[in-house]
Structure formats: structure tokens, C-alpha cells
Amino acid sequence: MMINYISKLKTIDNKKASILRMLTLFITVLNIQAQSKEENYKAFTAGLHIKNMHLWHGFVVHPGAMIATNLEFNSKDKKLNFGVWGGASFSGVDVTNNTTGENTNSYYKEFSIYTSYKFTDKFFVEAVSHNNYTGVEERGDNLHYWSYDVTQGYNFVDVNLGYKITPNTLLYLATIIGGGSGDYQIQDDGSRKNSWTHYFEVKSKVWEQGNTNLSLFAGGAWSFLTDKTFYTNNKGNIINVGATLGKKINIGTYKLPVEVTAMWNPEQEKTVLQVDLTIF
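Residues numbered from 1 in each chain as written. Predicted model: local features only at pLDDT ≥ 70, side-chain atom pairs only at ≥ 80, totals over all residues. Heavy atoms only, no water.

**Regarding the overall build of the protein**
Scanning the protein from terminus to terminus reveals one helix and 16 strands. Counting every position in the protein, which comprises 280 residues, the buried fraction comes to 31%. Considering only residue pairs separated by 6 or more positions, the protein has 50% of its internal contacts joining residues 24 or more positions apart. Carbon together with sulfur atoms contributes 60% to the accessible area of the protein, which is approximately 17,300 Å² in total. (Helix = DSSP H or I, 4+ residues; strand = E, 2+ residues; numbered from the N terminus. Buried < 20%, exposed > 50% of the residue type's maximum accessible area, 1.4 Å probe, protein only. Contact = heavy atoms within 4.5 Å. Areas by Shrake-Rupley, 256 points an atom, 1.4 Å probe, with all protein chains shown as cover.)

**Re the nonpolar core**
Counting nine residues, the largest nonpolar core is built from Phe156, Tyr172, Ala174, Ile176, Tyr199, Ala221, Phe230, Tyr231 and Ile239. Looking at this core element by element, the count peaks at three residues for strand 9 (residues 169–176). Setting aside anything within four residues of it in sequence, one finds Tyr199 in contact with His57, Tyr172, Leu173, Ala174, Gly219, Gly220, Ala221, Trp222, Tyr231, Ile239 and Asn240. Among the nonpolar cores identified, the runner-up in size contains five residues, and Met53, Leu55, Phe217 and Met263 belong to it. (Core = buried A, V, L, I, M, F, W, Y, C linked by side-chain atoms within 4.5 Å.)

**What about the layout of surface pockets?**
The computed volume of the second largest pocket comes to approximately 280 Å³. Every residue along the wall of the second largest pocket is listed here: Lys164, Pro167, Asn168, Thr169, Leu170, Lys203, Ser204, Lys205, Asn213, Ser215, Thr244 and Glu259. A total of three residues in the lining of the second largest pocket trace back to one element, the largest contributor, which is strand 12 (residues 198–209). Grouping the constituent residues of the lining of the second largest pocket by class yields two nonpolar, six polar and four charged. (1 Å grid on protein atoms, 1.4 Å probe; cavity = no way out; pocket = protein on both sides within 12 Å on 5 of 7 lines; lining within 4 Å. Points joined across faces, edges and corners; volume = space filled by probe spheres on them. Nonpolar A, V, L, I, M, F, W, Y, C, P; charged D, E, K, R; others polar.)

**Side note on the environment of Leu55**
Position of Leu55 among the secondary structure elements: in strand 2 (residues 54–56). Among all residues touching Leu55, those that are not within four sequence positions of it are Val60, Val61, Thr261, Met263, Val272 and Gln274.

**Points about the sheet that holds strand 9**
Ordered by their spatial adjacency, 12 strands build a closed barrel running 1-4-5-6-7-8-9-12-13-14-15-16, and the pairing between neighbours is antiparallel. Averaged over all neighbouring strand pairs, the angle between strand axes comes to 20°, with direction disregarded. With 10 bridges joining them, strand 13 (residues 212–222) and strand 14 (residues 237–251) adopt antiparallel strand pairing. The residue of strand 14 that forms the bridge with Ala221 is Asn237. (Pairing = 2+ DSSP bridges. Axes fitted to C-alpha atoms, helices over the stretch in contact; angles between N-to-C directions.)

Written out as C-alpha cells, the structure reads:
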């Protein structure tokens, strides 16, 4: 009887030991997976683009070759990001000096701040503080980076919403806050009335084959408060129509992402072709 009792105790101990080993193994696997996810998480990223020109919401911001960079923080859950974006050109544009009246060459320069939060895979909100200070000093003005005076013409903020109605179609609404960067209309009594311009764009990927895809887009601007808007000469109008072809080009073992955008602004009767190379 004693032998049987001891045998049963050994069997129970063996079962406990087996369960303990299984739990230890399970916890170890979870720790390895958590550590792997932790190692894959990159809080900070940077990017570099080279473009033959710079387009934005139907505008040709700079007509010549330029380089664009960004430095960005991303939260671990991939919902929040905060970053700075900068652009600088390889060629200049003529700017008239307010004092001498002479034209001087000025290179494109921009340093903007942005943040966005993704509520779901379909819906996000973002805010951008634009600071395109090209030609500010060349035309005789003082450069005040943190100034948002509506008359200075190069610093303004917009708040934007994006919603994917399908996996391939994005609706995008941008609103310029107040009268930033000249977004106002002069009244009969000489006072300024802020436009609070809205820009709405629909962009949809309509074709894809291998590593090549084609997207179509159309955007327009308007204001509920004034006839003049930030984007248009007079009343609201369609200002940004076109197509973007994206492709990855093999350079040895490296795949270089390239986008070619054909853009037409019906109001300005302007048509351009932008090439955008994503270096990293």
C-alpha cells in the first residue's frame, strides 16, 4: 500500500512539473513575442524626397527642382504622429525688393510642423502649421518664424479631416484657420473679414497591377463667409484635377518608389507634371 501511495505522489508531482514546464514555456513565448514587437517599434523616422517641382492643393509652390525632408515621431499604437517637414530648392525665383524695386533671386525655403491622430483605419484628423518663408528677407521684410500676423503672408495653420469610404477612396477636407497668410477679404469700410477657406478633395486608386498603380483626384475650394478664398482668385472653384501613377523601380536590390502626377488647375489654366522620388 505504501508503495502504491508513493507511486501516486510521484505521478502527481510529475503532472505538476509538466504543467509548470508548459506554463513556463508559454510565458517565455509571450515574452519573446513582446520583445520582438518592442524591437520592431520605431519611435522616430525620417524621410527624403527629390522632386522636379513642388505641388500642393492645385498650387505650384515652387516650379523648379527641390528636396523635401521630414523628421517624425510615431506612437507605439501607430495612431499618433508629430513631425516637421522641410523643403529647399536647387533653383530660385525672382522676388521684387520693396525698397529698391529690383528683382533678386530667392530659393524656395519651408519649415512646417504637423501632427495627426488616427481614430480608426478609416478616419483621421490632422493639423499643419505651414511656414513657407521663400523670399521674405529678399523682398525686405523681417523674418519672424513664430508670427502668425495675417498680413505677413507666409505663416498659417489648417486643420484637416480624412475619411476612407472604401479601401481605395479617400475623402479629404482641409480648413484654413482664421485669416492666415492673406486668407481674408477687404470690406468696403477697409476692415478685413477672414475667409476660413475650405478645400475638399476626392482621391481614388482606380487601377493596380504588380507594383504599379494609378489614382485619380479632384479638389475644389470655397468659403462660407467671403467670396475670396485662399486658393481661388474670386469665388470658390475646382482647382486641382489630375492623376498620379505610382511605381517601384528596381535598382539592384533596392526598389525606388516613384510617383508621377499630372495636375490641371482649371481656374488658373495651368497644367504641370511632377515627378517625386522617395529616397527613403
